[in-house]
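Observations on chain architecture
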Amino acid sequence: MAKKITLPLLKKYDVTQRVIEMLADAESRAILFSVIKSGKTATELSTRHKIPLSSVYKKISDLEELSLIKVDKWQISDKGRKFKVYKSRIKQAEIIIKNPEPHLELLANQK
């Protein structure tokens, strides 16, 4: 007999569900869609969106895990410190919910 999938298991293993949850989160969405045209460092994102830096790093980690954001390049400060510059892998997202099943369509960022 097949094991019934519970909501916690669905949230853990269903990538579509996890992406929808990330897009539903205002801070994650702000980070993701502010780096479509040009990349930004975590510090720039924190300052721009008034989000604590530790939260920005957590959101970026979650977005990277789902392949929604990538490290575009490395930036070196005047003091020689290296910073990652993040860029969105998507430029548009569309979520359609019919019946209980969601349909997620992501448009790749070509910039």
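Look above for the structure.
Residues numbered from 1 in each chain as written. Predicted model: local features only at pLDDT ≥ 70, side-chain atom pairs only at ≥ 80, totals over all residues. Heavy atoms only, no water.

1. Quick notes on helix α5 (residues 53-65)
Each α-helix turn comprises 3.6 residues. Residues three or four places apart therefore point the same way. The first and last C-alpha atoms of α5 sit 18 Å apart over 13 residues, in line with the 18 Å expected at 1.5 Å per residue. Every buried residue belonging to α5 is among Val 56, Lys 59, Ile 60, Asp 62 and Leu 63, and all of these are buried. Around the axis of α5, the buried residues are gathered within 160° of arc, so they sit on the same side. Those residues of α5 that are exposed and angled more than 90 degrees off the buried face are Ser 54 and Glu 65. On its buried face, α5 sits against α2 (15-24), α3 (26-34), α4 (42-49), β1 (69-76) and β2 (82-88). Backbone geometry just downstream of α5 places Ser 67 in the positive-phi region, at approximately 60°. (Helix = DSSP H or I, 4+ residues; strand = E, 2+ residues; numbered from the N terminus. Expected span 1.5 Å × (residues − 1). Buried < 20%, exposed > 50% of the residue type's maximum accessible area, 1.4 Å probe, protein only. Arc of directions from axis to C-beta. Contact = heavy atoms within 4.5 Å.)

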